[in-house]
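Okay, here's what each chain looks like letter by letter:
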Amino acid sequence: MNFNPITPSAQGIFEKYESLRPIYMSEGHFLNQFIWEDYYHTRFATDELALYLLIDNQNKPGFFAPLCKECDIPEVFRRMEAYSHQTLHTPLRIYLADKRLITILKETGLLTEKHTVTEERDCFDYIYDADRLRTLSGKIMHKKKNLLNKFLKEYEGHFQYETLGPDNIGEIKHFHQKWLDERRIYDRYGCIDDEEEGIYRLFEHYDSLPCKMGGVRIDGKIKAYTIGSYIPDIQCAMIHIEKADVNYTGLYNYINQQFILNEFPDALLVNREDDLGQDNLRQAKLSYRPLRLEEKFTIRERHSNIL
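The text that follows walks through the structure, step by step, so that each part is easy to find. These numbers were taken from a predicted model, which means no experiment stands behind them.

## Concerning the sheet that holds strand 11 (residues 236-244)
The strands making up a sheet are joined through hydrogen bonds of the backbone, oriented either antiparallel or parallel.
Turning to step 1, where the next piece is worked out: Taken together, the seven strands give an open sheet; going across it, the order is 8-9-10-11-12-7-13, and neighbouring strands pair in mixed fashion. The open sheet has two free edges, formed respectively by strand 8 (159-164) and strand 13 (292-294), since each of these has just one partner strand. On average, adjacent strands in this sheet sit at an angle of 30° to one another, irrespective of strand direction.
Turning to step 2, where the next piece is worked out: Bridge count for strand 8 against strand 9 (residues 212-218) is six bridges, and the pairing is antiparallel. Counterpart to Gln160 in the pairing with strand 9 is Arg217.

## Re the packing of aromatic side chains
Turning to step 1, where the next piece is worked out: Under the definition given, this model contains 19 aromatic pairs.
Turning to step 2, where the next piece is worked out: With 6.4 Å between their ring centres and 85° between their planes, Tyr128 and Tyr288 make a pair best called edge-to-face. Of this pair, Tyr128 sits in strand 7 (residues 125-129) while Tyr288 sits in the loop between helix 11 (279-287) and strand 13; the two residues are 160 residues apart in sequence, bridging distant segments of the chain. As far as burial versus exposure is concerned, Tyr128 and Tyr288 are alike and both buried.
Turning to step 3, where the next piece is worked out: An aromatic cluster is present here, built from Phe151, Tyr155, Phe159, Tyr248 and Tyr254 joined pairwise through their rings.
Turning to step 4, where the next piece is worked out: The ring of Tyr200 has Lys173 lying over it, and the distance from NZ or CZ to the ring centre is 5.0 Å.
Turning to step 5, where the next piece is worked out: Taking the ring centre of Tyr288 as reference, the NZ or CZ of Arg272 above it sits at 5.3 Å.

## Let's talk about the side chain of Asp125
Turning to step 1, where the next piece is worked out: When you line up the elements, Asp125 lands in strand 7.
Turning to step 2, where the next piece is worked out: Here Asp274 takes part through its backbone nitrogen, which lies 3.4 Å from a polar atom of the side chain of Asp125.
Turning to step 3, where the next piece is worked out: Beyond its immediate chain neighbours, meaning those up to four positions away, Asp125 contacts Tyr24, Met25, Ser26, Glu27, Asn271, Glu273, Asp274, Arg292, Leu293, Glu294 and Lys296.

## With respect to the side chain of Asp274
Turning to step 1, where the next piece is worked out: Summarising the element assignment, Asp274 is placed in the loop between strand 12 (269-271) and helix 11.
Turning to step 2, where the next piece is worked out: Despite its burial, Asp274 pairs with no opposite charge, the nearest such side chain being Lys296 at 4.4 Å.
Turning to step 3, where the next piece is worked out: Other than its neighbours up to four places away in sequence, Asp274 contacts Glu27, Asp122, Cys123, Phe124, Asp125, Tyr126, Leu281, Lys285 and Lys296.

## Observations regarding the nonpolar core
Turning to step 1, where the next piece is worked out: Within the largest apolar cluster, 63 residues are counted, with the highest numbers of intra-cluster contacts made by Phe14, Leu202, Phe203, Tyr225 and Ile227.
Turning to step 2, where the next piece is worked out: The dominant element in this core, judged by the number of residues it contributes, is strand 2 (residues 50-57), at six residues.
Turning to step 3, where the next piece is worked out: Ignoring anything within four residues of it in the chain, the contact list for Phe14 reads Ile6, Phe30, Gln33, Phe44, Leu51, Leu53 and Leu67.
Turning to step 4, where the next piece is worked out: Ala130, Tyr155, Tyr248 and Leu251 belong to the second largest nonpolar core, which has 26 residues in total.

## Re the pattern of salt bridges
Turning to step 1, where the next piece is worked out: Enumeration according to the criterion identifies 22 salt bridges in this entry.
Turning to step 2, where the next piece is worked out: Ionic pairing is found between Arg78 and Glu75, a salt bridge with its closest N-O pair at 3.6 Å. Taken together, the residues span about one helical turn, with Arg78 and Glu75 both in helix 4 (residues 73-88) at a distance of three residues.
Turning to step 3, where the next piece is worked out: Here Arg78 falls in the partly exposed class, since its relative accessible area comes to 40%.
Turning to step 4, where the next piece is worked out: A single salt-bridge network, built from bridges that share partners, covers Asp47, Glu48, Glu75, Arg78 and Arg79.

## Some remarks on helix 4
Turning to step 1, where the next piece is worked out: Listed as buried for helix 4 are Ile73, Pro74, Val76, Phe77, Met80, Glu81, Tyr83, Ser84 and His85.
Turning to step 2, where the next piece is worked out: Positive backbone phi, at 60°, marks His89, one or two positions downstream of helix 4.

## Thoughts on helix 1 (residues 11-18)
Turning to step 1, where the next piece is worked out: Turning to helix 1, its buried residues number three or more, namely Gln11, Phe14, Tyr17 and Glu18. All buried residues of helix 1 project into a common sector of 130° when viewed along the axis, lining one side.
Turning to step 2, where the next piece is worked out: Contacts made by the buried residues of helix 1 are with helix 2 (30-35), strand 1 (43-46), strand 2, strand 4 (67-68) and strand 10 (221-231).

The rules behind the values
- Residues numbered from 1 in each chain as written.
- Predicted model: local features only at pLDDT ≥ 70, side-chain atom pairs only at ≥ 80, totals over all residues.
- Heavy atoms only, no water.
- Pairing = 2+ DSSP bridges.
- Helix = DSSP H or I, 4+ residues; strand = E, 2+ residues; numbered from the N terminus.
- Axes fitted to C-alpha atoms, helices over the stretch in contact; angles between N-to-C directions.
- Phe/Tyr/Trp six-rings, centres within 6.5 Å; stacked < 30°, edge-to-face > 60°.
- Buried < 20%, exposed > 50% of the residue type's maximum accessible area, 1.4 Å probe, protein only.
- Lys NZ or Arg CZ within 6 Å of the ring centre and 35° of its normal.
- Polar contact = N/O pair within 3.5 Å; in protein donor to acceptor, adjacent residues only side chain to side chain.
- Contact = heavy atoms within 4.5 Å.
- Lys, Arg positive; Asp, Glu negative; His and termini not counted.
- Salt bridge = Lys/Arg side-chain N within 4 Å of Asp/Glu carboxyl O.
- Core = buried A, V, L, I, M, F, W, Y, C linked by side-chain atoms within 4.5 Å.
- Arc of directions from axis to C-beta.

Bear in mind that shape data such as this cannot, by itself, settle questions of function.
See below:
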């Protein structure tokens, strides 16, 4: 396997392998991997069966779930195991594997007593019905609709939603830096600065990346912005970044709704990614009543004699 960095030019390669089976978790798609490349030290390689994602997780190298056909998962698993043993000289580790991959490995007998499978609840993605986020209709969304209406009434005539692009990046950076300074104390996993690096890297290459940006201005200044991408094979919008000034009640509700309405009209599903174990973020994402949580697991091979 010849591993390479995840650059904008890799986008087409990823899309080819992403389409081989339905993958709903964010880590199975290019833009998420591009943003977080520096955090995980991710590199990718391909062969005739799969795209492999190799990471260095706190000096414990391993793989993310491979991108391949379901029927090829057993053979791809064997190839990752061989690479771990013969090249990395470590037990096999697969981080953030989706439930379907786990099921196939169990059904084919490749997960045995020498492996542990650990549920990674902090990394579960939240999957929503797109129309429910657009309309906020129904009794279960009543509180969200009230917050939205409060924002619309209180700031009437002072705000506007706007599709953002390269000309707005300077403004977004200015807002983002202020947001970052206020949120560092909640950074449980020590990744907020790496996220910033990934966002700024995205800004640098924005014209060549498959993403959209939206923002909300209040009295002419950006007070919220969000970045997402669309996966047509599964009709799912991925919301990678969403930041808003918490001093404006209902602003998160407004940008969440408007971004889906304006930028992803064809989406049936919305993946708003994980909560990283932050209680306030978990409560907020659960309050939008997801259709389901996209479960993720880590597979670890128990230590054995590896040549």
